[in-house]
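Structural characterization, general
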Amino acid sequence: MVDRVFTNCEVRPLSGDDPASAVAVTDGTVTAVGDPDELLTAGAETVDCRGGVLLPGFVDAHTHLDIVGRRTVEADLAGADGPDNCIDRLLAADDGEGWVLGFGYDESDWDGELLQAATLDRVSTDRPVVAAREDIHTISVNHAALDTLDLPDDGVCTEDGAPTGVLVEEAAEAVFDAIAPDYTQTREYLLAAQEVALSKGITAVHDMVRQSHAPQVYRELDAKDALSLRVRLNYWADHLDAIRELGLVTNHGSDRVRTGAIKAYIDGSLGAGTARLRTPYADSDSAGEWRTDPDALRELVSAVDDAGLQFAAHAIGDAAIDALLSAIESVDAAGERHRVEHAEVLTGDLVERLAASPLVVSAQPNFHRWAAPGDLYDERLGERRGLTNRFRDLVDAGAQLAFGSDCMPLSPLYGVQQAVTAPEPSQRLTVGKALRAYTSGAAYAGFDEDRMGTVTPGSVADFAVLSASPWEVPNEKISDIDVTMTVSAGDIVFDSGG
Ligand SMILES: [Zn+2]
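For clarity, every value in this text was computed on a predicted model and none was experimentally measured.

1. Focus: the sheet that holds strand β16 (residues 339-342)
Strands sit in the order β5-β12-β13-β14-β15-β16-β17-β18 across an open sheet of 8 strands; the sheet is parallel. Every other strand in the sheet has two partners, leaving β5 (58-63) and β18 (400-403) as the edge strands with one partner each. Averaged over neighbouring strand pairs, the angle between their axes works out to 25 degrees when direction is ignored. In the sheet, strand β17 (residues 360-363) pairs with β18 via 4 bridges, with the strands oriented parallel. Paired with Val360 across the two strands is Gln400, which belongs to β18. Against the sheet, helix α10 (residues 294-306) engages β14 (257-265) and β15 (310-315), with an angle of about 150 degrees to β15.

2. Focus on unusual backbone geometry
Between Met408 and Pro409 the backbone carries a cis peptide bond, its omega angle lying at -10 degrees. Among the structural elements, Pro409 can be located in the loop between β18 and α15 (412-420). In this structure, Ala489 is a non-glycine residue whose phi angle is positive, near 50 degrees. Inspection of the secondary structure puts Ala489 in the loop between β20 (483-488) and β21 (491-495). Classification of Ala489 as partly exposed rests on a relative accessible area of 22%.

3. Comments concerning the coordination of the zinc ion
Only His62 (NE2), His64 (NE2) and Asp406 (OD) from the protein reach the zinc ion as donors, at distances of 2.1 Å. Within one chain, the residues serving as donors to the zinc ion are arranged as H-x1-H-x341-D. Here Asp406 lies in the loop between β18 and α15 and His62 lies in strand β5, a separation of 344 residues in the sequence.

4. Some thoughts on empty space enclosed by the protein
What the rule picks out here adds up to 2 cavities of 30 Å³ or more. Its boundaries defined by the atoms lining it, the largest cavity holds a volume of some 70 Å³. Together, 14 residues line the largest cavity, and Arg230, Val231, Arg232, Asp448 and Arg451 are the ones closest to its centre. For the lining of the largest cavity, the residue count by class is 6 nonpolar, 1 polar and 7 charged. In this model, the second largest cavity occupies a volume close to 30 Å³. Split into classes, the residues belonging to the lining of the second largest cavity amount to 3 nonpolar, 4 polar and 1 charged.

5. Re the layout of surface pockets
The volume enclosed by the second largest pocket comes to roughly 300 Å³. Residue lining of the second largest pocket: 18 residues in total, with Glu74, Trp99, Leu101, Gln185 and Tyr189 positioned closest to the centre. Of all elements in the fold, only β7 (100-105) and α7 (183-199) reach the threshold of two or more residues within the lining of the second largest pocket. Of the residues forming the lining of the second largest pocket, the biggest block, 3 residues, is contributed by α7. Each residue belonging to the lining of the second largest pocket can be placed in one class, and the counts come to 10 nonpolar, 2 polar and 6 charged. Taken domain by domain, the makeup of the lining of the second largest pocket includes at least three residues from each of domain 2 (68-178) and domain 3 (183-452).

6. Brief notes about the environment of Thr456
Position of Thr456 relative to the elements: it lies in the loop between α16 (431-445) and β19 (463-466). With 317 residues separating them in the primary sequence, Thr456 and Ile139 have C-alpha atoms 48 Å apart. Those residues within four positions of Thr456 in sequence are excluded, and the remaining contacts are Ser15 and Val30. A distance of 2.6 Å separates a polar atom in the side chain of Thr456 from a polar atom in the side chain of Thr454.

7. Some words on the domain arrangement of the protein
Often, the extent of an interface is quoted as the loss of accessible area on bringing the components together. For the protein, the assigned domains are domain 1 (1-56 + 455-498), domain 2 (68-178) and domain 3 (183-452). Computed from C-alpha coordinates alone, the two centres of domain 1 and domain 2 are separated by 44 Å.

8. Brief notes about the packing of aromatic side chains
A complete count under the given rule lists 8 aromatic pairs for this structure. Pairing Trp236 with Tyr265 gives two aromatic rings, centres 4.9 Å apart and planes at 50 degrees, and the pair type is tilted. Of the two residues, Trp236 is situated in strand β13 (residues 230-236) and Tyr265 in strand β14; the sequence distance between them amounts to 29 residues. Taking relative accessible area as the criterion, Trp236 reaches 7% and is therefore assigned buried. The exposure class assigned to Tyr265 is partly exposed, which follows from its relative accessible area of 33%. Taken together, the aromatic side chains of Phe58, Phe391, Phe403 and Tyr438 make up a single cluster linked through ring pairs. Its guanidinium or amino end placed over the ring of Trp236, Arg210 lies 4.7 Å from that ring's centre, counting from NZ or CZ.

9. Re the sheet that holds strand β3 (residues 29-34)
Strand order in the open sheet made by the 7 strands is β3-β2-β1-β4-β19-β20-β21, with mixed pairing throughout. Each edge of the open sheet carries a strand with a single partner, namely β3 and β21. The sheet shows a mean angle of 35 degrees between the axes of neighbouring strands, taken without regard to direction. Where β20 lies against β21, 4 bridges are found, and the strand directions are antiparallel. Within β21, the residue paired with Ser488 across the bridge is Asp491.

The rules behind each value
Residues numbered from 1 in each chain as written. Predicted model: local features only at pLDDT ≥ 70, side-chain atom pairs only at ≥ 80, totals over all residues. Heavy atoms only, no water. Pairing = 2+ DSSP bridges. Helix = DSSP H or I, 4+ residues; strand = E, 2+ residues; numbered from the N terminus. Axes fitted to C-alpha atoms, helices over the stretch in contact; angles between N-to-C directions. Contact = heavy atoms within 4.5 Å. Buried < 20%, exposed > 50% of the residue type's maximum accessible area, 1.4 Å probe, protein only. Donors = N, O, S within 2.8 Å, 3.2 Å for Na, K, Ca; no water. 1 Å grid on protein atoms, 1.4 Å probe; cavity = no way out; pocket = protein on both sides within 12 Å on 5 of 7 lines; lining within 4 Å. Points joined across faces, edges and corners; volume = space filled by probe spheres on them. Nonpolar A, V, L, I, M, F, W, Y, C, P; charged D, E, K, R; others polar. Domains from an automatic or database assignment. Polar contact = N/O pair within 3.5 Å; in protein donor to acceptor, adjacent residues only side chain to side chain. Phe/Tyr/Trp six-rings, centres within 6.5 Å; stacked < 30°, edge-to-face > 60°. Lys NZ or Arg CZ within 6 Å of the ring centre and 35° of its normal.

See the structure below:
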């Protein structure tokens, strides 16, 4: 007995099977892919996909949904063109009580002056106002916040002895502690982020969680049938002891919420010049930093692996990726499906070693936006910019490639566009391969390849319906394609109405 038949669409299963024109769904699972005449049976409901292209729902292998939610609920200051514009946005987002929060301003978009307390007083003089800079290491606050907060001396910027309202380092961290969302706030953020994700055609995420209420919120929403996304929780390594104590292992959980990996930083970022390279940066004498040095890394990989957990290592520089590969090889974790997050600088033999290892490369095609001559990678790496994010080389060598957005921004179609328009042939994928990295590739990173990532009988009925075909629009227009419908377990969970 078929529940629903999705019709009036071009089905691209992304499984190697031919395109079709209808999908039959029963009990949230795909039962047949074919044409409507074949699939429509008495009693089945028809869902009109309005001539769209039906793909498997996107799986985003690297998200921070709390941050997306925060930017959705609070004032989003990204792209503001000056202090006045920031004030307008803060006022518009103000709900009239408690703190007024805004995130993501970048003073290089105007005259280069950071927001000051006197400016933010225009939002409120009696309630605390916080505006975080894009990099979140610098925070501006108003005078009411300066009065309310118990700030350390370190990091409070002053002028003629008086605080300017600009806070860095420890003082900035104290603000983040003070505005850390409680359970109810976290729930509001995650529900808002879920709406954003569904509107982008995302049906599953691998969410990075650390010292937050997010795991509890996801499980509560799941228990109440209020979760439309499927969520894998990748816990930071500082939770490892607790997770072992609880007996949580990778893949444990429900249909919607599962325990994923243990995540740790091996190095920093290229933007900050802290990703660990084999040879120094092009614009400094430094070769970056270890966040987890090779010895500690071996111990951590071994502990995580022994506990029956997947390891997800943030490794960006070539030295960091090298250290991870060596750790995986040395602790005999070579049979397990661990993952490397980002893997941006792939010099020398790293592509071959990654392909030969069982590591999944969980990468961000969005980062190609820094790859052109004169951009960030060029500045930091010089000629090595051509060795960044070598998706084509990785796929050709046989590596397991998963795509995720890191929420920069949360948008698979933006990532796909970047992957197919990258500056170097070694970085560029075909549309089909880029879409697969964002569906079956990401599903594989979460042990879900038999459950999702293709439109195949037996897989969950999670779909993204697009207004146009990514194979037919010009490559540089892919991110302009609208997601018109998102389906989870056969139910429509987002509908653009058009
Ligand atoms: Zn991240």
